[in-house]
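# Reading the structure
This is what each chain is made of:
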Amino acid sequence: MTIGLTYDLRSWYLERGYTMEETAEFDKEDTVAALEDVLARLGYRTERIGNIFELVDKLAAGRRWDMVFNITEGLYGDGRESVVPALLDQYRIPYVFSGPVVMGISLNKYYARLVAEAAGVPVSPGILVSSADDIQLAASLTYPLFVKPVAEGTGKGITERSIVRDTLSLKELAIELLQRFSQPVLVEEYLPGREFTVGVTGSGADARVVGGMEVICKDNLPYSVEVKENYQDIVQYRIIDESYRDECNAVALAAWRALSAVDAGRVDLRADRNGKICFIEANPLAGLNPVHSDLPILSRMSGVEYDTLLEMIMNSAKRRYGLK
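The following refers to the structure shown.

## Some remarks on the overall build of the chain
For the chain, the helix and strand inventory stands at twelve helices and 13 strands. Over its C-alpha trace the chain gives a radius of gyration of 19 Å, about what one expects of a compact globule, namely 20 Å for 324 residues. Dimensions of the chain, computed from the C-alpha atoms along their principal axes, are close to 55 × 45 × 40 Å. In the chain, which comprises 324 residues, the proportion classed as buried is 54%. Sequence separation of 24 or more characterises 67% of the internal contacts of the chain that already satisfy a separation of 6 or more. Put simply, the chain shows about 14200 Å² of open surface, and 49% of that area lies on carbon and sulfur atoms. Of the charged side chains in the chain, 35 are positive and 47 negative; the average position of the first set lies 4 Å away from that of the second.

## A short note on empty space enclosed by the protein
This model, assessed by the stated rule, comprises one cavity of 30 Å³ or more. Of the residues assigned to the lining of the largest cavity, the class counts are five nonpolar, one polar and one charged.

## Focus: the side chain of Asn51
Mapping Asn51 onto the fold places it in the loop between β2 (45-50) and α3 (52-60). Residue classification places Asn51 among the buried positions, given a relative accessible area of 1%. Dropping the residues within four chain positions of it, Asn51 is found in contact with Tyr7, Asp8, Trp12, Tyr13 and Thr72.

## Re the side chain of Ser124
Counting through the fold element by element, Ser124 comes out in the loop between α6 (109-118) and β5 (126-129). In terms of polar contacts, Ser124 uses its side chain to reach the backbone carbonyl oxygen of Glu189, at 2.6 Å. Apart from the residues within four sequence positions on either side, Ser124 is in contact with Arg113, Glu188, Glu189, Leu191 and Cys278.

## Examining the sheet that holds strand β3 (residues 67-70)
Sheet architecture is open: four strands sit in the order β2-β1-β3-β4, paired in parallel fashion. Both outer strands of the open sheet, β2 and β4 (95-96), are each paired with one neighbouring strand and no more. Relative to β3, strand β1 (residues 2-6) is paired through four bridges, and the arrangement is parallel. Looking at the pairing, Ile3 lines up with Met67 of β3.

## Topic: the layout of surface pockets
Roughly 350 Å³ of internal volume is contained in the second largest pocket. Taken together, 18 residues form the lining of the second largest pocket, with Leu75, Tyr76, Glu152, Phe181 and Gln183 sitting closest to its centre. When its residues are assigned to classes, the lining of the second largest pocket shows five nonpolar, five polar and eight charged.

Rules behind the numbers
- The numbers attached to residues start from 1 for each chain and follow its sequence in the written order.
- Confidence filtering applies because this is a predicted model: local features only for residues at pLDDT of at least 70, side-chain atom pairs given and counted only at 80 or more, and all residues used for totals across whole chains, interfaces and linings.
- To obtain the side-chain values, all non-hydrogen atoms of the structure were used and water was disregarded.
- Helix and strand definitions here come from DSSP, where helices need a minimum of 4 consecutive H or I residues and strands a minimum of 2 consecutive E residues; each element is numbered from the N-terminal end.
- Here the radius of gyration uses the C-alpha set of atoms, whereas the globule reference equals 2.2 Å times the residue count to the power 0.38.
- In this scheme, a residue with accessible area under 20% of its type's maximum is buried, one over 50% is exposed, and one in between is partly exposed, where area comes from a 1.4 Å probe on protein chains only.
- In this analysis, two residues are considered to be in contact whenever any of their non-hydrogen atoms come within 4.5 Å of each other.
- Computed with a 1.4 Å probe, the accessible areas rest on the Shrake-Rupley method; for each residue, only the protein chains presented here act as cover.
- Note on charges: Lys and Arg go in the positive column, Asp and Glu in the negative column, and His and the chain ends are not counted at all.
- In this description, the location of a charge corresponds to atom NZ of lysine, CZ of arginine, CG of aspartate or CD of glutamate.
- Put simply, the grid is 1 Å and covers the protein atoms alone, a cavity is a trapped set of points that fit a 1.4 Å probe, a pocket is an open set with protein on both sides within 12 Å along at least five of seven lines, and lining residues have an atom within 4 Å of a point.
- Grid points are joined across faces, edges and corners, and a volume is the space filled by probe spheres set on the points.
- Any residue that is not Ala, Val, Leu, Ile, Met, Phe, Trp, Tyr, Cys, Pro, Asp, Glu, Lys or Arg is counted as polar, Gly included; the first ten are nonpolar and the last four charged.
- Residues adjacent in sequence count toward polar contacts only when both atoms are side-chain atoms; beyond that, a polar contact is any pair of N or O atoms within 3.5 Å, and within protein one must be able to donate a hydrogen and the other to accept it.
- Strands are labelled as partners when DSSP assigns at least two bridges between them.

This is the structure:
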């Protein structure tokens, strides 16, 4: 079986003038190389495809693959993670990880929380701010509030200022984010409790928790892109203790199934002021760097090594398509 690899290599974009912020979610060469090495050990042939532009060129040239291992994040819009799976669907090429609808809903954190809440998953009260006029809707919420772009990943747009305690601070930050990211802003009641991230593999009734960890940031800093890039000095990870493990696993699985996500990913959670676990967001396209990404880290902490994690992902995808 030949597996094509689609990915966004950060260096490819930087060489063409894209900024560090624009490429914050993209992968380095060691991630792609690690995927190649493990898939080869699992008995697959691999072929590098590259990003969406390179995929289009190869498809137009007649190239095809038995399955595509897709980790492309895309560049623009809240449908950017949907582009590659949507294109592969049209060519009827099987691929690993969720399809375009799930990717789009999950990337838009407001839509994701609507789906999760409708399924009975606890969420923090919140509103969507699409213009300065919408800020008045926050009158229904209890301060402090947490403010972030609605459709960014890797903590982009999140800083120490994201926790706001009054209307003036909310207005200033919301308008700033609206202008900077050209997208709506999600405003939620701040969850002051402990933060967790749970890894899930499989789909539907077959979905299982692969592991989970608590995320403890120095000085209670928000889990921003800067913090993630310097996690070794700022962040402590530890296995979720028994007091929260069952609740975290249950909320994560419920959210994963509500969103109809497949194969593998992460669900981020945080406790409210009463200690109740709430859904923050789901990442059905979680990072897969074997050393630095949260999903491999939490899996390894739970006794699931990187090779085994990728084997679980591939087996889930093959089951969905009825492939041996």
